[in-house]
Structures are given as C-alpha cells and as structure tokens.
Amino acid sequence: MTFLPHLSSRLGARVRPVALGLATLLAAGAALAQSPVAIATNAPSPAYLAAHARWKASLEAFEKADKAALPAEGGVLFVGSSTVRMWTNLAQDFRNWPVVINRGFGGSTMADCSLFVRDLVLRYKPSHVLVYAGDNDLAEGRTPFQVLEDFALFVNTVQQELPDTRISYISIKPSPSRAHLLPKIRETNDIIAAYLRTQAKSDFIDIYTPMLGADGQPRPELFLPDRLHMTDAGYRVWHSVIASQVQPAASAQAASPVPSAVKTGTQPPAAVTTASRPH
C-alpha cells in the first residue's frame, strides 16, 4: 500500500503509530463505498439504529424543520455537539453567508456524527461543513485514536459523495470541567490536525489556543458556571477565529459582522437556521 508510507511521513514520528490503523480504516471505507453489495443492501447497522433511538427527538426536529423550509444547497453547515446546538444566533452571527445550517445535537459524539453523516450533512449538499465533536467521546472513555477513526470515516463519506465540499474540524475546546482530559484533548487535536494535512479541501481550526489565558489555563470568563459550555464571550472568540479562516460565498459581502448576544443554554427555536431568518 503506497498510502501508508506517505501518511506516516506526513503525520510525523510522534503520531506515526496511528498510521497503519488509519490507513486500513480509510482503505476499508473506500472499498465499502464502492462495493455493489453494500450499495444494494444499504441496511442500517446496529450502531446506527441504537444511535437513532437515542437521538430520535433531535432527528425528528430536524426533519420537521426541513419539511417547513428545506435549506438551499451549497450552504455552510455546522454539525456537532451541544456547543454547536447552543449557538442559537449562528446564522445571524454569520449573516453575510447566504445559507447557514445548524445541525448541532446536544451531548452527541464524533461517533454519532459519523453515523448520521447522511442524515445531517449529505442531504443538504453543503459547500462547506464545519465539525465540532470529540469532546464527549473522550469524556465517555474513548481514546484520541478512536475519535480520529470516527472523524476519518466522516470525512471519507463526505468526500465520496460530495467531492467538492470543504471540511473543517473545529478543535476540541479546553473546558475547565474537563481539565483532567486536557492531555487527551491536546493529543486528539494534534492527530486530527496532522491527518487533515493529508487531505485536500480541509482545514483545522484551532480554537483551543485562543481560549487559554497567559497562564496557559482555560479563560474562566469564556465558560458558563457549569465550566463546560460557553458564555457570549466564548462564542465571540469562536466567531472571530472561524470568520478569519472561513471565507463566505462569493455572492456574500466580504466582511463578517460582530456577533450579537448569544442566547446560551437554550434550544434554538427552529432546527434550521438561515441567514435571512430573524433571531
């Protein structure tokens, strides 16, 4: 396999042990995607069915919103856990982007996002996907490599179906309540960043570093009292970093606005958010 030495050299010595497993995973995923048997059966896996039962209410809310107003193709789609879900003014904060879709579902994992990639990403045919997940995976006991595996499956599926779509991974944030996980969070961020350097049309967006103070510790003003979810100030940091790295569509204005107050801790009024929808 020519891919393995290439990937191993690009990942570097520190994370090179993951190369064999990752290469095998990607090769298997590509083979499965091209398998006529897999296409013919297309039966949901037990893992998918279990996750669907767990997130039934969220998935039904998204389906209901789509029936009311299906987002236009070619938009920018955010998918991931509660940090995405609680960004209730996401579309308003990025109002210069013609279509912004929020597909955050609270408490979800990178494994869930990979399982639901067709339901929550492919069906909208976005031009750009931004993923925030992995935080809860580590909290549930998964390893950094397992997070990478699930993200690689997610990327592989998107690339197979939507080869022109850009994929950005928003790094796992340094939540004070999960200080004991910071070494694993840094490792996960490092290996995903290294992996994305091997992929076309992809970005790693580092929000971990800007959320640290001069003392190298998480900035407390960026987090709610639960020390896990973010305050308005935290979302302003995210907006600033993301807006500086993600360019709006050509038809949109060049500048991105200063975000309005974020209604943290509340469920969005509708599962679909578009730039034209008031907040």
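Whatever comes next refers back to the structure up there.
Residues numbered from 1 in each chain as written. Predicted model: local features only at pLDDT ≥ 70, side-chain atom pairs only at ≥ 80, totals over all residues. Heavy atoms only, no water.

(A) Region of the structure containing the pairing of strand β1 (residues 76-80). Counting buried residues along β1, five of its five residues qualify, which places the element largely inside the surrounding structure. Where burial is concerned, the two faces of β1 agree: the one with V76, F78 and G80 and the one with L77 and V79 are both buried. Two strands pair when backbone bridges link them, and β1 and strand β2 (residues 100-104) are joined in this way by five bridges, in the parallel orientation. Residue G80 lies in a different strand from β2, and its bridge partner there is G104. Relative to strand β3 (residues 128-132), β1 runs parallel, the two sharing five bridges. Residue V76 lies in a different strand from β3, and its bridge partner there is H128. (Buried < 20%, exposed > 50% of the residue type's maximum accessible area, 1.4 Å probe, protein only. Helix = DSSP H or I, 4+ residues; strand = E, 2+ residues; numbered from the N terminus. Pairing = 2+ DSSP bridges.)

(B) Region of the structure containing helix α5 (residues 56-68). For α5, with 13 residues, the first-to-last C-alpha span of 18 Å sits near the 18 Å given by 1.5 Å per residue. L59, F62, A65 and D66 are the residues of α5 that are buried. Considered in projection along α5, the buried side chains sweep an arc of 125° and stay on one side of the axis. The outward face of α5, more than 90 degrees from its buried face, is lined by the exposed residues A57, K64, K67 and A68. As for α5, its buried residues are in contact with α4 (46-54), β2 and α9 (117-120). (Expected span 1.5 Å × (residues − 1). Arc of directions from axis to C-beta. Contact = heavy atoms within 4.5 Å.)

(C) Up close: the sheet that holds strand β4 (residues 166-170). Pairing in this open sheet of five strands is parallel, and the strands run β2-β1-β3-β4-β5 from one edge to the other. If you trace the sheet from one side to the other, it starts and ends with β2 and β5 (202-205), each paired once. On average, each strand axis in the sheet is inclined to that of its neighbour by 15°, with strand direction left out of account. In this structure, β4 lies alongside β5, joined through four bridges in parallel fashion. The residue bridging Y169 from the neighbouring strand is F204, located in β5. (Axes fitted to C-alpha atoms, helices over the stretch in contact; angles between N-to-C directions.)

(D) Summary view of unusual backbone geometry. At K201, a position not held by glycine, the phi torsion is positive, near 50°. Along the chain, the position of K201 falls in the loop between α12 (182-196) and β5.

(E) Structural view of the packing of aromatic side chains. Counting across every chain of the model gives 15 aromatic pairs. Residues W87 and W238 carry aromatic rings whose centres are separated by 6.2 Å and whose planes lie at 75° to one another, so their mutual orientation is edge-to-face. With a gap of 151 residues between them, W87 in the loop between α6 (82-85) and α7 (90-93) and W238 in helix α13 (residues 232-245) connect regions that are remote in the sequence. One aromatic cluster is present, built from ring pairs that chain together F78, W87, F94, W97, Y132, Y235 and W238. (Phe/Tyr/Trp six-rings, centres within 6.5 Å; stacked < 30°, edge-to-face > 60°.)

(F) Examining the nonpolar core more closely. Residues F78, F151, F154 and I242 are the most contacted members of the largest nonpolar core, which totals 66 residues. With seven residues, the top contributor of residues to this core is helix α11 (residues 144-161). (Core = buried A, V, L, I, M, F, W, Y, C linked by side-chain atoms within 4.5 Å.)

(G) Representation of the packing of α11 against α12 within the structure. Running from N to C, α11 and α12 cross one another at 35°; their axes reach a closest spacing of 9 Å. As for how α11 packs across α12, the hand of that crossing is right-handed. Contacts from P144, F145, V147, L148, F151, A152 and V155 in α11 reach K184, E187, T188, I191, I192, Y195 and L196 in α12. Looking at side-chain class alone, the contact of α11 with α12 contains eleven nonpolar, one polar and two charged residues. (Left-handed = near helix turned anticlockwise from the far one by under 90°. Nonpolar A, V, L, I, M, F, W, Y, C, P; charged D, E, K, R; others polar.)

(H) Structural context of the pattern of salt bridges. In total, this model carries 13 salt bridges according to the counting rule given. One salt bridge in this structure joins R54 and D112, with 4.0 Å as the shortest N-O distance. Here R54, found in helix α4, pairs with D112, found in helix α8 (residues 110-115); they are 58 residues apart in sequence, far enough to count as distant. Using a relative accessible area of 6% as the deciding quantity, one classes D112 as buried. Linked through salt bridges whose partners overlap, the residues forming this network are R54, D112, D137, E140 and R142. (Salt bridge = Lys/Arg side-chain N within 4 Å of Asp/Glu carboxyl O.)

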